[in-house]
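Residue strings, one per chain:
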Amino acid sequence: MAKPHVDYSLYLVTGRDLLPPGKDYFESLEESIRGGVTLVQIREKATDTGKFLEIARRSLEICHKYSVPLLINDRIDIALAIGADGVHLGQADMPIDIARSLLPPNSIIGKTCNNSEHVRQAVEEGVDYVGLGPVWGTKTKDVTAPTTGPRGIGTMLDELEGSDVKAVAIAGIKSTNVLHCLHGSVSPASNRSLDGVAVVSDIVASIDPFTAASKIVTIVKAFKRARSEQTHIFSNPLLGDLSVEYDAESVKKAVGKALNDIKEFGPLVHQITNNVVTTQSANATLALGGSPIMATAPEEMEDLSKVTGALLVNFGTIQSLAGMLAAGRNANINRKPIVFDPVGVGATQYRKTCAQELLNEWQATVIKGNAGELAALANSNEVQARGVDSVGNGFADPAEFVRSLARKERCIIALTGTTDYISDGYIVLKLSNGHPLLGEITGSGCMVGTCVATFCAGVSLREHAERVGGEDDGRLARGDMLIAAAGGVLALTIASEFAAAREDVKGSGTFLPALIDELGKLTPEKMEKAAKVEVL
């Protein structure tokens, strides 16, 4: 007898102790399945055998009524007694080979894996699927393994290359972070993504489990649909425009159009930035046609994220980590682009720790930095940093570096320097504008981040305006963010060339106000004519 087909998209793990007051467990289970749950695991760690058996038997009847497979956590005796479809085992539970010998040959066996070595072993043992995590912290069970974040899940997925083993993410997953989890949990080496997510409290604790399940499964299916539309194995359907074939001229025209989007929509750009550059960053935003708001209090972030066009997180002076965390979470929930500028990230261990915490808590759309900063973020020793500056000649192959880091971080990477490189993990744009005076003023790199965020906001708002209604598109950020990142970089570097050529500019002191002036004078035609773009 063949194993039943399993759709791992929405894997419900039960927990009766989480039920709302007055909510019947069996009623909740059936509503969840009707809402879109595709696989169920009964987990009863503190229940005696007789009660467990009764719960499992009635649960199986409900699941099979809707052709949904049911698994039992740990207890093979219960699985055998009720004829369950399989079991889920932890690292300390019965060995897989013994479980396989006891269960019917068509049984589904899954295993919890907390690191890459666990996954390698599970594949060798012949499991049908692995539960990877914990992605985030959870109160539904005692978690002893360190949280992985979505980025850690992506690394574990590398170990499934060449196998038929399926994978779900576990722990802390809910409707507000499931898209981040799916988007960030992709193997950088093979582009392997998750087959689904395991959810407990967001469904079980809901007074309306039908709606709770429906909300999550809609996002999961939208993500899978977006993945299936990829034109290249490493292209990023959540960030780039799949209909675009990039060449130098089309990039220039698209950047000009993005500038028009800013001027048409006048986006509000939320900036958590360092106190050295607040004024000039705000002025740069205004010059381009946007509107800046500099807010850091965590209490404001839920409301702000609903009205802003994009978020910039620059931690040149880390003053409110809690504000940065809350801002990013809410930007992801509202599908707003996030530009992360890890200023001086390699300077101290504290900065490195903060950067990792931020990138595990929310999904960046664009990460912008100089060679030293991005090398530190990638744990590369090829380029060193001194404070906020890079030291040395840069990367031997900057195009391949940004392409690789974009795949790893699942976002656009913008490497700034004498020559700028921008990639979505497949395409690399080489930009060669700029003037040496940019290196002689404080905060020019931070202003690039501001310009990128402003362009992201304009492009995103255009996409939102043109896309009214319809099904979920599975994107964390709407609009072509590769073009937006290029537009932001080109805006400042082209403006710097115009500013430096002015007769009234005598040095760095007169250059900065001229730079702001020239940002305000940019037009699509000027940008298209001046831009120096190569597509690699």
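So, how was this worked out
Residues numbered from 1 in each chain as written. Predicted model: local features only at pLDDT ≥ 70, side-chain atom pairs only at ≥ 80, totals over all residues. Heavy atoms only, no water. Pairing = 2+ DSSP bridges. Helix = DSSP H or I, 4+ residues; strand = E, 2+ residues; numbered from the N terminus. Axes fitted to C-alpha atoms, helices over the stretch in contact; angles between N-to-C directions. Polar contact = N/O pair within 3.5 Å; in protein donor to acceptor, adjacent residues only side chain to side chain. Contact = heavy atoms within 4.5 Å. Buried < 20%, exposed > 50% of the residue type's maximum accessible area, 1.4 Å probe, protein only.

Before we move on, can you summarise the sheet that holds strand 19 (residues 533-535) with the specific residues and values?
In sheet architecture, strand pairing relies on hydrogen bonds along the backbone and comes in two forms, parallel and antiparallel. Strand order in the open sheet formed by nine strands is 10-9-11-12-13-16-17-18-19, and the pairing between neighbours is mixed. The open sheet has two edge strands with one neighbour each: strand 10 (291-293) and strand 19. Strand-to-strand twist in this sheet, taken as the mean axis angle between neighbours without regard to direction, amounts to 20 degrees. Sheet analysis places strand 16 (residues 412-416) next to strand 17 (residues 420-423), joined by three bridges and oriented antiparallel.

Please provide a residue-by-residue account of the side chain of Ser9, values included.
One can find Ser9 in the segment before strand 1 (10-13). Here the side chain of Ser9 touches Lys224 through a polar contact of 2.8 Å, side chain to side chain. Setting aside anything within four residues of it in sequence, one finds Ser9 in contact with Thr38, Asp195, Gly196, Val197, Val220 and Lys224.

Outline the sheet that holds strand 5 (residues 108-113), supporting the account with residue identities and numerical values.
Overall, parallel pairing links the eight strands, which are arranged 1-2-3-4-5-6-7-8 in a closed barrel. Each strand of the sheet is rotated relative to its neighbour by a mean of 25 degrees, with strand direction disregarded. Of the pairings in the sheet, the one linking strand 2 (residues 39-42) to strand 3 (residues 70-73) comprises three bridges and is parallel in character. Looking at the pairing, Val40 lines up with Leu70 of strand 3. Lying over the sheet, helix 5 (residues 116-125) contacts strand 5 and strand 6 (129-132), oriented at roughly 165 degrees with respect to strand 5.

Quick rundown of the side chain of Asn314? Include the residues and the values.
Within the fold, Asn314 resides in strand 11 (residues 310-314). The exposure class of Asn314 is buried, given its relative accessible area of 0%. Of note is the side chain of Asn314, whose polar atom sits 3.1 Å from the side chain of Asn274. Only 3.5 Å separates the side chain of Asn314 from the side chain of Asp341, close enough to count as a polar contact. Among residues more than four places away in sequence, those in contact with Asn314 are Ile272, Thr273, Asn274, Met324, Asp341, Val343 and Cys446.

I'd love a proper account of the pairing of strand 18 (residues 428-431), names of residues and values included.
Relative to strand 18, strand 17 runs antiparallel, the two being bridged by four bridges. Across the sheet, residue Ser423 finds its bridge partner in strand 18, namely Val428. As consecutive antiparallel partners, strand 17 and strand 18 are separated by four residues, and within that stretch Gly425 has a phi angle of approximately 100 degrees, a positive value. Note that strand 18 and strand 19 share three bridges and pair antiparallel. Bridged to Leu429 within strand 19 is Val535.

Run through the environment of Gly346, naming residues and quoting values.
Along the chain, Gly346 falls in the loop between strand 12 (338-341) and helix 14 (349-361). Beyond its immediate stretch of four places on either side in the chain, Gly346 contacts Lys352 and Ala376.

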